[in-house]
Amino acid sequence: STFAFTLTLGKAEYATDHGNSEAVGTGRPDQAGVGQEPDRRSQGAQAEELPAGPLPEAAKILVVEDNEINQEIIVELLEKHHLKVRSVNNGQEAVRAVEEDSYDLVLMDLQMPVMDGLTATKAIRALPLPRAGNVPIIALTANAMTDDQERCRQAGMNDFLSKPIDVKQLDAKLHLWLGAELQ
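As the structure is a prediction and not an experimental result, all values here were calculated from the model.

Novice: Before we go on, may I ask you to explain the side chain of N90 in this structure?
Specialist: Among the structural elements, N90 can be located in the loop between β2 (84-88) and α2 (91-100). For N90, a relative accessible area of 7% corresponds to the buried category. In this structure the side chain of N90 is engaged in a polar contact, spanning 3.0 Å, whose partner is the backbone nitrogen of Q92. Setting aside chain neighbours within four positions, we find N90 in contact with V64, M112, P113, V114 and M115.

Below, the structure written as structure tokens:
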């Protein structure tokens, strides 16, 4: 899969009012990810409700992306927040990574060779590890249609980011899923 980023360069500042930001949660408590307790993230939290401070440096992120350039860009964006990042190339490697280590968040591309993101998410959720049911998994997809979002939820994904990735949306998702977990 291929996607582009639009980057605004300069000193980043987190505003308390993000204007017309759309909901970043799943929208309904009954649509929380497998093993997730319904909370403000699964109840349609707005970006302006999110903490505006730095992310916890102890957070470990797994990036699952088959395109090397896209992978490098995502890793660089995450490392700017001083997050610990591991990247893998396909869903099969993602399942193995979750078996071997625990992560605070997974960013999962949907269309990959060997094993796609939906299949990998189902396999992760089926692992006999408590952390596999609780780790937030965010889909990375160029297809952000309602049907695609529903397929992601049914596979066990918690949220999604449209490609090309908007840096502000990525930051909002990171604060949404990591801020409450590790602060």
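Novice: Explanation requested: helix α1 (residues 68-79) in the structure shown.
Specialist: Note on helix geometry: an α-helix contains 3.6 residues per turn, so any two residues three or four positions apart are oriented the same way. With 12 residues, α1 extends 16 Å between its outermost C-alpha atoms, agreeing within 8% with the 16 Å of an ideal straight helix rising 1.5 Å per residue. If you check which residues of α1 are buried, you get N70, Q71, I74, V75, L77 and L78. An end-on view of α1 places all buried positions within 160° of arc, on one side of the element. In α1, the exposed residues that point more than 90 degrees away from the buried face are E68 and I69. Regarding α1, its N-cap is N67, as a side-chain oxygen of that residue lies 3.0 Å from the backbone nitrogen of I69 further along.

The rules behind these values
Residues numbered from 1 in each chain as written. Predicted model: local features only at pLDDT ≥ 70, side-chain atom pairs only at ≥ 80, totals over all residues. Heavy atoms only, no water. Helix = DSSP H or I, 4+ residues; strand = E, 2+ residues; numbered from the N terminus. Buried < 20%, exposed > 50% of the residue type's maximum accessible area, 1.4 Å probe, protein only. Polar contact = N/O pair within 3.5 Å; in protein donor to acceptor, adjacent residues only side chain to side chain. Contact = heavy atoms within 4.5 Å. Expected span 1.5 Å × (residues − 1). Arc of directions from axis to C-beta.

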